[in-house]
Amino acid sequence: MKNKHFLAAMYLRLSRDDSDVGDVTDKKGCLKSESNSIGNQRELIKAYIQEQQDIELYDIYVDDGFSGSNFDRPEFKRMISDINAGEVNCVIVKDLSRFGRDYIETGRYIQKIFPALSVRFIALTDHYDSLKADAGESGIVLPVKNFINDSYCRDISTKVKSQFEVKRRKGECIAPFALYGYRKAENNRNKLVVDEYAAGIVRRIFMWKINGCAISAIAEKLNGLGILSPKEYKKFTGSNYKGGFSGAAKSMWSSATVKRILTNEMYLGHMVQGKTNKINYKLKKSVQKPKEEWIKVNNTHEAIISEDDFRIVQNLIKTDVRVSPVSKKNSFFSGLIFCGDCREQMIRRVNCYKNTQRVYYICSTKNRAEGCTRHSIQEEQLIELVAETVRKYVNCFMDEERVFEKALGLKIQFESLERCNAEIVRLRAEQSRYYSLCSGLYEDLKEKIITQEEYERLYGEFKRRAAELEEAQKKQEFMIKEMVKNSVISAGRLSAMRECCELKEVDRRTLCSMVREISVFENRRIEIEFYYTDKYRVLTEENKNIGDRKAKQSRAERSA
């Protein structure tokens, strides 16, 4: 092999990790990011080849921006292909770490594959040449250096993960590309700002879903309108974006893409990251993490979708339906109407007879001949019943809200009020229990079950606990008054309800914003589960308490 003429492959590699290590110097005192640059590697190897009479440069292979932890690199693969074709019989790198940082794979190539193919391997700054190396260098020094390079890669991976974790918990966006609907801020690449055009598309997607469109129908509509998919839009705006899949000349909207948008909490203004985890630093493959392990930081950027619209859509997605292939229209009740007995969705049927059309809903279980009964109800009757019930519910809600505002001139923070009211109920029940225990003590004393001394001690203790509970109730009532001074139902919800009161017909959006589910029973009986029922109960209870307190105060004033 000594007298052989060598056709050399100059292999150059630089990863993003290498370029980030600017505070580390090599033996010559040069910054490693500078000494490891592609240009520096090229000049060093070129100067070496010029000095060698038996080596001729065949080609240069450059993997810029690729990690050394694996060998899945385009130019490395091309070099191996040329070696297998017999075009190359010598590989020259600046040092072993440029060739690779995987201890096992690097050793396999240098000590097994290359010798088997009669390929000479040279690492300049590590002073290794397979043609001249003795057994000590090949068997001891080389594996040790490869192991050190592997360890370096592992340490870098651990440090990068730690830095990313800190940024995630601070609510900084560490993704290389912004979520569709947003863009990276010019002065802060870790912050998201709204991209008005894409955000408008996101809003339309949510609106279509609320209006009854199936997810697949939304994807078809977007493609039909010629709207660029998120991947194509990133390319159009100049991002060097590459998706996880390739093959099609142009990426189109799909049901999966639309569903990802409809279920993404980041459109509410919350940063949600850390959904996946790499198996280890040597593999690109990631595994999905449980939702409870995701890192979520609220209110990090401007919201595109309101909380109410997002909630409505999440409920509708659970029962996503397809558009009728005949009418091409969306059902008014799609995703909302269920059989009251078997809990399966009701399906829409159109019966045409003598130029007249009769639309009705039946149980899908019965339609499949799998049991249950028809639960049949005409669409016109259902719309009339639902519209009337919705208007009554909203009017009652608004009446309670007006009474409350008139009484206090303020609004309520419902979630906290519910907790306070529940605590008051619990405190009252416990207080009653202690009063009952006090009454029982006298009977125990008469029956000589307890002594006079025990009676006095227990009676005093029970009375003290009852008094403490009375004080705790007063504190809860004070908290309610304080909350009443500070907040209420969101303006958006009240606005939607006020609009509903004035509507002659209940439209799809109003229906979805008010109604969670409609259950249909036999004999055309329906039950409607509304949103805000807990809030309505709190309003009613609080108005009753206000009325009772006023009546008590009025009686006291008359007595005085």
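A short tour of the structure in this document, coming up. Keep in mind it's a predicted model, so treat the numbers as computed, not measured.

Quick look at the side chain of H301
1) Next: Position of H301 among the secondary structure elements: in the loop between β11 (295-297) and α12 (307-317).
2) Next: When its relative accessible area of 8% is taken as the criterion, H301 is described as buried.
3) Next: Within the local environment of H301, its side chain forms a polar contact with the side chain of T300, the two groups lying 2.8 Å apart.
4) Next: Not counting residues up to four positions away in its chain, the partners in contact with H301 are Y182, L192, M266, G269, H270 and M271.

A short note on the environment of D195
1) Next: As for its position among the elements, D195 is in the loop between β7 (188-194) and α8 (196-210).
2) Next: Separated by 15 residues in the primary sequence, D195 and Y180 place their C-alpha atoms 8.2 Å from one another.
3) Next: If sequence neighbours within four positions are ignored, D195 has contacts with G181, Y182, R183 and Y233.

Description of unusual backbone geometry
1) Next: The residue S118 is not glycine, and still its phi comes out positive at about 60 degrees.
2) Next: The residue S118 is located in the loop between α6 (103-116) and β4 (120-123) in this model.
3) Next: Assessed through its relative accessible area of 38%, S118 is described here as partly exposed.
4) Next: The phi angle at N299 is positive, at roughly 55 degrees, despite the residue not being glycine.
5) Next: Relative to the elements of secondary structure, N299 occurs in the loop between β11 and α12.

With respect to the packing of aromatic side chains
1) Next: The tally for this structure, following the rule as stated, stands at 21 aromatic pairs.
2) Next: Note on F114 and F121: the rings are 6.1 Å apart at their centroids and 35 degrees apart in plane angle, and the pair reads as tilted.
3) Next: Classification of F114 as buried rests on a relative accessible area of 1%.
4) Next: You can call F121 buried: its relative accessible area is 1%.
5) Next: Both rings, one in Y434 and one in F462, keep their centres 5.8 Å apart while their planes meet at 50 degrees; by these two values the pair is tilted. One end of the pair, Y434, is in helix α15 (residues 414-446); the other, F462, is in helix α16 (residues 452-486), with 28 residues separating them in the sequence.
6) Next: On the basis of relative accessible area, Y434 is assigned to the buried category, the value being 12%.
7) Next: Residue F462 is classed as buried on the basis of its relative accessible area, which comes to 15%.
8) Next: Taken together, the aromatic side chains of Y11, F71, F76, F99, Y109, F114, F121 and Y128 make up a single cluster linked through ring pairs.

Points about the pairing of strand β3 (residues 90-93)
1) Next: Neither face of β3 is exposed, since C90 and I92 on one face and V91 and V93 on the opposite face are all buried.
2) Next: The pairing of strand β1 (residues 6-14) with β3 spans three bridges and is classified as parallel. Looking across to β3, one finds that A9 is bridged to V91.
3) Next: The sheet contact formed by β3 and β4 spans four bridges and is parallel. When the bridges of β4 are listed, I92 appears paired with I122.

Calculation notes
Per-chain numbering applies: the sequence of each chain, read as written, is numbered from 1 onward. Owing to the predicted nature of the model, reporting of local features is limited to residues with pLDDT of at least 70; listing and counting of side-chain atom pairs is limited to 80 or more, with chain, interface and lining totals taken over all residues. Side-chain measures were taken over the full set of non-hydrogen atoms in the model, leaving aside hydrogen atoms and water. Secondary structure elements are defined from DSSP: runs of H or I of at least 4 residues count as helices, runs of E of at least 2 residues count as strands, and each element is numbered from the N terminus. Here the term buried applies to any residue with accessible area under 20% of the maximum for its type, exposed to any over 50%, and partly exposed to those in between, with areas from a 1.4 Å probe on protein chains only. By the criterion applied in these results, polar contacts are pairs of N or O atoms within 3.5 Å in which, for protein atoms, one can donate a hydrogen and the other can accept it, and in which residues neighboring in sequence qualify only through two side-chain atoms. Note on definitions: a residue-residue contact is assigned when non-hydrogen atoms from the two residues lie within 4.5 Å. Note on ring pairs: Phe, Tyr and Trp rings are taken, using the six-membered ring of Trp, and paired if centres are within 6.5 Å. Classes follow the plane angle, with under 30 degrees stacked, over 60 edge-to-face and the rest tilted. A pair of strands is labelled paired if DSSP reports no fewer than 2 bridges between them.

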